[in-house]
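Below, each chain spelled out in residue letters.
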Amino acid sequence: FFFKQKTAYEIPKRDWSSDVCSSDLKVSIKPNSVIIIDDVLATGGTAVAMCELVHQLGIPYQCMIFASLIDITFLPGRKKLKDLGVTVETLIDVK
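The text that follows walks through the structure, step by step, so that each part is easy to find.

Conventions and cut-offs
- Residues numbered from 1 in each chain as written.
- Predicted model: local features only at pLDDT ≥ 70, side-chain atom pairs only at ≥ 80, totals over all residues.
- Heavy atoms only, no water.
- Core = buried A, V, L, I, M, F, W, Y, C linked by side-chain atoms within 4.5 Å.
- Buried < 20%, exposed > 50% of the residue type's maximum accessible area, 1.4 Å probe, protein only.
- Helix = DSSP H or I, 4+ residues; strand = E, 2+ residues; numbered from the N terminus.
- Contact = heavy atoms within 4.5 Å.
- Salt bridge = Lys/Arg side-chain N within 4 Å of Asp/Glu carboxyl O.
- Patch = residues over 30% accessible without salt bridge, like charges linked within 9 Å, V, L, I, M, F, W, Y side chains within 5 Å.
- Areas by Shrake-Rupley, 256 points an atom, 1.4 Å probe, with all protein chains shown as cover.
- Axes fitted to C-alpha atoms, helices over the stretch in contact; angles between N-to-C directions.
- Parallel < 35°, antiparallel > 145°, perpendicular 65-115°, else oblique.
- Left-handed = near helix turned anticlockwise from the far one by under 90°.
- Nonpolar A, V, L, I, M, F, W, Y, C, P; charged D, E, K, R; others polar.
- Pairing = 2+ DSSP bridges.
- Right-handed = clockwise from strand over helix to strand, strands pointing away.

1. Notes on the nonpolar core
Side chains of a nonpolar character, in soluble globular proteins, are inclined to be buried together.
Part 1: Core analysis: the largest hydrophobic core is formed by 15 residues, its most contacted members being Ile36, Cys51, Met64, Phe66, Leu81 and Val86.
Part 2: For this core, the secondary structure elements donating two or more residues are β2 (34-41), α1 (45-56) and β3 (64-72).
Part 3: Not counting residues up to four positions away in its chain, the partners in contact with methionine 64 are Val34, Ile36, Cys51, Val54, His55, Ile59, Val86 and Thr87.

2. Quick look at the pattern of salt bridges
Pairs may arise between side chains of opposite charge once their charged atoms sit close together.
Part 1: Tallied over the full model, the rule gives 2 salt bridges.
Part 2: Note that aspartate 83 is salt-bridged to lysine 79, the shortest N-O span being 2.9 Å. Of this pair, aspartate 83 and lysine 79 both sit in helix α2 (residues 77-84), 4 residues apart, roughly one helical turn.
Part 3: Its relative accessible area of 57% is what places aspartate 83 among the exposed residues.

3. Focus: a nonpolar patch on the surface
Part 1: Taken together, the side chains of Leu69, Phe74, Leu75, Leu91, Ile92 and Val94 define a hydrophobic patch exposed on the protein surface, amounting to about 570 Å² of accessible area.
Part 2: It is strand β4 (residues 87-94) that contributes the most residues to the nonpolar patch, 3 residues altogether.
Part 3: Looking at the element boundaries, valine 94 is found in strand β4.

4. As for the packing of α1 against α2
Part 1: Running from N to C, α1 and α2 point in directions that differ by 25 degrees, and their axes come no closer than 8 Å. Of the possible angle classes, the one that applies to α1 and α2 is roughly parallel. Considering how the two elements wind past one another, α1 and α2 form a crossing that is right-handed. Contact with α1, carried on its side by Ala47, Val48 and Cys51, involves Lys80, Leu81 and Leu84 of α2 and no other residues of that element.
Part 2: Of the residues in the contact of α1 with α2, the class split is 5 nonpolar, no polar and 1 charged.

5. Some points on the pairing of β2
Part 1: Across 7 bridges, β2 lies against β3 in parallel orientation. Its bridge partner being in β3, aspartate 38 is matched across the sheet by serine 68.
Part 2: For the segment spanning β2, α1 and β3, crossover handedness is right-handed.

Right under this line is the structure:
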């Protein structure tokens with residue numbers, strides 16, 4: 001369905017799908033923070049892309065939380081997000 005009312009933000013779009021996988025962007029905006037939820041944190045490409053999209057809306061990286069079900073810890077995803085200043089929370093760490 002479509003809303004006739006204009007939104008407060010013009011939301012930028014980016015396609016980060018590949019032949020191998022794709023991911024949905026799910027963002028919940030609160031007054032001073034944003035939580036981004038994805039299923040797996042691996043190389044960090046999708047996670048960084050999602051954070052960059054939210055940052056384009058004017059949200060500082062330090063106000064973002066990236067949450068995922070699984071973190072593949074031997075890949076650089078967590079480090080890439082931490083280097084941006086994003087808080088990372090996961091339920092399962094795969095070593």
